[in-house]
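Here's the letter readout for the chains.
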Amino acid sequence: MTVERSKAKAKGRYDWGLLSVVSILLSLGVVMVFSASYPRGMEGFGDPYYFVFRQVVWLVIGVAALIVTARIPYTLWDRWSIPIMGVALLSLLAVIIIGAERFGATRTYYNGSIQPSEPAKIAIIVYVSAWLTSKGRRIRDARAGLLPFGVLMGIVAVLIVLQPEISTAVLIVATAAIMLFVAGADMKQLALVGVIATGTFLMVIQYSSYAGDRIQRYLDSMGNPLASDEWQVSQGVQALMRGGFFGTGLGNGQAQQTGYLPVSWSDNIYGVIGEELGLLGALFVILLFALLAWRGLRIALRSPDNFGMLLATGITTILILQALLNTAVIVAAAPPTGVTLPFVSYGGSSLVASLAGIGILLSISRFSVESTARAPQLGRYSYERVDLRRGDGRSRVSRTGRRSAARAGSYQSTTPRHPSVGDGRVRGSSNRSKGGGSP
Amino acid sequence: MTAAVPEPTRSAAPQAMSEQHTVTLESIQKRDVWRFWMLVFGFGALAILVVVPLFVHQIIQYGQARPPGQAHQGESPRGNIVDRNGALLAADRFSYEVSATPSYFRSEEERMEAARLLEELAGIPAAETFNLLSTYADLKFVRLAPAISLEAGRRILEEQAILAEESGVHPLLNVTLTPTPQRYYPERAVGAQVVGSLAILGDAAWTQGVSGIEDYYDQYLRKRDGVGLTGRSFSKLSELPADVRRFLPSVAGKDLILTLDRNVQWIAEEELQWALTQFRAQSGTIIVMDPRTGEILAMANSPTFDPNDLSKADMAAVQNTAISAQYEPGSVFKMITAAAALDSGVVTPTQTLTDTGSIAVGQRVILNSDRVAHGVVDMTEALARSLNVITAQWALMLGQKQFYQYLERFGFGQVTEVDLADEVYGLIKRPGTLDWSLSDLGTNSFGQGLAVTPIQMANAIASIANGGKLMRPYIVKARVLDGQVQFTEPTVLGTTIRPETAKALTDILVDIVTDGNSAAAVPGYRIAGKSGTAQIPTEEGYTEDETIVTFAGYAPADDPRFVILVKLDRPDPNISRWASYTAAPAFSRVARRLFYYYNIPPDQVRLGQVASN
């Protein structure tokens, strides 16, 4: 049976639940981008469809990227993780060095349409997954795990902060830390990382004129966002206030009109959703991201190897964190950032990168233990053990190269499969958690 | 969760497997779900941080958003105003107001960069911008340029859109562009008081009409306000002559076509200016109306102003004195008394009365202006010589009840309901009220002791020209909305006198002007009209030298095409203080040019044509 599975791995089932959630988010995104951008399109470009047309073009490109990444076995990324990371670092560096000398924002090149930090997010997650997988259990060793990890993330963070995109750097560092945590890092070490990262972050914003100012202005307005100095904050909150429970109805919002919510179609689209679709719409978006988290983490848990688990966790985490940060900005629970709402906001690079990430998740889901035929009687024990074996970091560490899942799959046949492995109590508790537990 | 993963379990013995593929309990640990649960818990906690404020803002604080007016909202576009031939009198020109939030700039470099880009994109001097941003560095708002062109604004907006997408942070993004329709009056001072002007009143967020049509039709013209057309009779904009449609419809799509004729207005203003210069008068008004419909063809006031720059205007000049200034009309009012006397039948055109040089009415002795007794005179002579004594006799013959009934029919003491802002009522004392006495009947008969507006006077005369039908004067010929046109229907307010009376009175008035060798005459044309010189009432009584002179008349007498009222305030007494030497020639000049403009041939030619037809 297992042999069969290893041969037929490409025929596994995609996670249609995830795909549905993302499709709904994308549809909502296109509708809302149109609703939020037509006044500006009319005014700025004489074309109400200016933004939504570009969004649809990027959507098509993104879906193509999704199809490609979904069809590529995710284990490919493991093997290519070092070159991918190299390209990502180089492109980040290139933006800083040769990037269009547009003042204050060297974040993009190529006529402003590509933000390398967006694909870089995925590349960094791929690399961190591969690296953590290769280290296996040794990540608990500070010199082998924490120190190199810290140095690596430091370099990456510095490059992104220099873009300058502090909020993206925060997202990436937070995601990497979560991956480190999921990979089994020592909690004490992780706490230390947290302290150091927070300190660094505070120092960076202290010395960064643009972020520090924003945060200061935000803190000043915490008490009463309505009277905020920060136009964006007060306008975002007011859009929500106008929306109420049911909203003003699609296209009836005021937020997108000139002089209200800035960049309503992009970073602040959640405000338009809150106004036009009301609390119902706003909660619906949060529900969709909750479902996305559930499907993403479910894929992670069921992935056949540690690399897949970490990769799925990383991609899911960064999307969720990004959504949380974006919505938190609108409700004035966080200072204004330049982070978009994944799948919904206008913005090409972000959309394509996010969809490529979803493609990778789908690819992992195809190899998921549950999605392949397995004898029902094996039940969760079987599942768990297969997982465990695949996730055995030591065997990997002991080898020099990285290894494909196919190879790992072959171990299975040699593995005894009976409930007596390990401690029943532990497994029992794991099972219970997992049974009810997919978020 | 952590408790469920005891340390001893983790360090349990390795499974019996090949060394390379050892599955340890440690590795079980690694995939254990508690870490995922922690993750989910963390996500959930963060989500609560979003959902709770969401509830607060959307449910508890629902509807507490500031009303639209308090948001920074630009001007609403306004419709165009064109004259009856389509000449543009008022239109929107769009521009952008450039402002910034200086406190958002953190460094010299940022200010410099924004200033540099604004100069590059829109030509706003960089040094000035930099100065403003530095000087007001602690403020939230500073205006960098009141109005830049649409194209320059677009360039900045496009740059901002690119920058916002790229980074969301850039000094240029602290610059705000507000599209501002700016009212533009291409004819400048021509018809300024009629067309009106805009201003920001009090702490209002946007401008509103403060005079003339801009005021009266303020809500209609403003696109944002939903005032539209009422009633039913519409025609299509496309059916109007192409000339009239030149500037229609506007961006706002709510436009007005006036009865005003730019050329007639120009003639009136030019001749008014001539009269003011010639007779060194302080101010003046000329009204030209079509008596058949009540259409106002021209309404000229001087001094005037340029509505494009209201701030420089003298507030007195903004006032449309033709409708909002009342004055004692003087002898020109005798036409009304004569009409009433004729219409009621108390006198006939040929009936003679004796002028003894004075007459006592109530407590007051009325004298002629020349203090001379003229003996037995008929109506024509009485009017031609403008005899106060005779006019007072007519009024006494009419009796107070009838006399004031006629004044009411002619519309005195009431607004004419012309569609212009700030019309005043005039002042007629009425029998039965405390401030009226019998002597008023006498003085009122020749235009003293009452106040009228020029438009009331012109309209009353127009009713005589129109065979006794009093029309409502109007200035908006048609309203245009969404490709539909609604014409103003001429409205008959009432009947003042019988047509026969009107005809008889016209003959008398023609005699006065044309045959009486008046300065108002235009050779070859029969013109009906009369002058009036009024002393100006002050607290110490009437002034001797300062007068208001009026001439009102219409032509051609048999088929009146226009009514002209000329009013001059305080002509220099060293030149002349009499209407017949000041207002009358000004009337003649306007009439002459109108005959030419309307291509009306001299009566002999015209009536000859009619006869031969």
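Refer to the structure above for everything that follows.
Residues numbered from 1 in each chain as written. Chains lettered and ligands numbered in written order. Predicted model: local features only at pLDDT ≥ 70, side-chain atom pairs only at ≥ 80, totals over all residues. Heavy atoms only, no water.

Draft legend 1. Geometry of the packing of aromatic side chains. A full pass over the atoms with the stated rule returns 20 aromatic pairs over all chains. Where Tyr74 of chain A meets Phe307 of chain A, the ring centres are 6.1 Å apart and the plane angle is 10°; that geometry is what we call stacked. Of this pair, Tyr74 of chain A sits in the loop between α3 (50-71) and α4 (75-79) while Phe307 of chain A sits in helix α14 (residues 306-330), and the two are 233 residues apart along the sequence. Its relative accessible area of 0% is what places Phe307 of chain A among the buried residues. By the ring-pair criterion, three or more aromatic residues cluster together here, those being Tyr525, Phe562, Phe595, Tyr597 and Tyr598 of chain B. Across from the ring centre of Tyr406 of chain B, 4.6 Å away, lies the NZ or CZ of Arg409 of chain B, which sits over that ring. (Phe/Tyr/Trp six-rings, centres within 6.5 Å; stacked < 30°, edge-to-face > 60°. Helix = DSSP H or I, 4+ residues; strand = E, 2+ residues; numbered from the N terminus. Buried < 20%, exposed > 50% of the residue type's maximum accessible area, 1.4 Å probe, protein only. Lys NZ or Arg CZ within 6 Å of the ring centre and 35° of its normal.)

Draft legend 2. Expanded view of the pattern of salt bridges. Within the structure shown, the criterion is met by 31 salt bridges over all chains. Close ionic contact of Asp15 of chain A with Arg295 of chain A constitutes a salt bridge, the shortest N to O distance being 2.9 Å. Taken together, the residues span a long stretch of sequence, with Asp15 of chain A in the loop between α1 (2-7) and α2 (16-45) and Arg295 of chain A in helix α13 (residues 278-302) at a distance of 280 residues. Two residues, Asp290 of chain B and Arg292 of chain B, come together in a salt bridge whose shortest N-O distance is 3.1 Å. For Asp290 of chain B, a relative accessible area of 10% gives the class buried. One connected set of salt bridges, linked through shared partners, spans Arg78, Asp92, Arg183, Glu214, Asp218 and Arg222 of chain B. (Salt bridge = Lys/Arg side-chain N within 4 Å of Asp/Glu carboxyl O.)

Draft legend 3. Region of the structure containing the sheet that holds strand β20 (residues 541-555) of chain B. Residue and element names in this part refer to chain B. Reading across the sheet, the 5 strands line up as β10-β9-β21-β20-β19 and stay open at both edges, with antiparallel pairing between neighbours. Of all strands in the sheet, those bounded by a partner on one side alone are β10 (296-302) and β19 (528-538). Adjacent strand axes in the sheet meet at a mean angle of 10° when their direction is disregarded. Of the pairings in the sheet, the one linking strand β9 (residues 283-289) to β10 comprises 6 bridges and is antiparallel in character. Among the inter-strand pairings, Met289 is bridged to a residue of β10, identified as Ile296. (Pairing = 2+ DSSP bridges. Axes fitted to C-alpha atoms, helices over the stretch in contact; angles between N-to-C directions.)

Draft legend 4. Representation of unusual backbone geometry. All names here are of chain B. Between Ser302 and Pro303 the backbone carries a cis peptide bond, its omega angle lying at 5°. In this fold, Pro303 is placed in the loop between β10 and α11 (315-318). The omega torsion across Ala555 and Pro556 is -15°, close enough to zero to call that bond cis. The residue Pro556 is located in the loop between β20 and β21 (562-569) in this model. With a phi close to 50°, Arg188 is a non-glycine residue in the positive phi region. Along the polypeptide, Arg188 turns up in the loop between β4 (175-184) and α7 (192-195).

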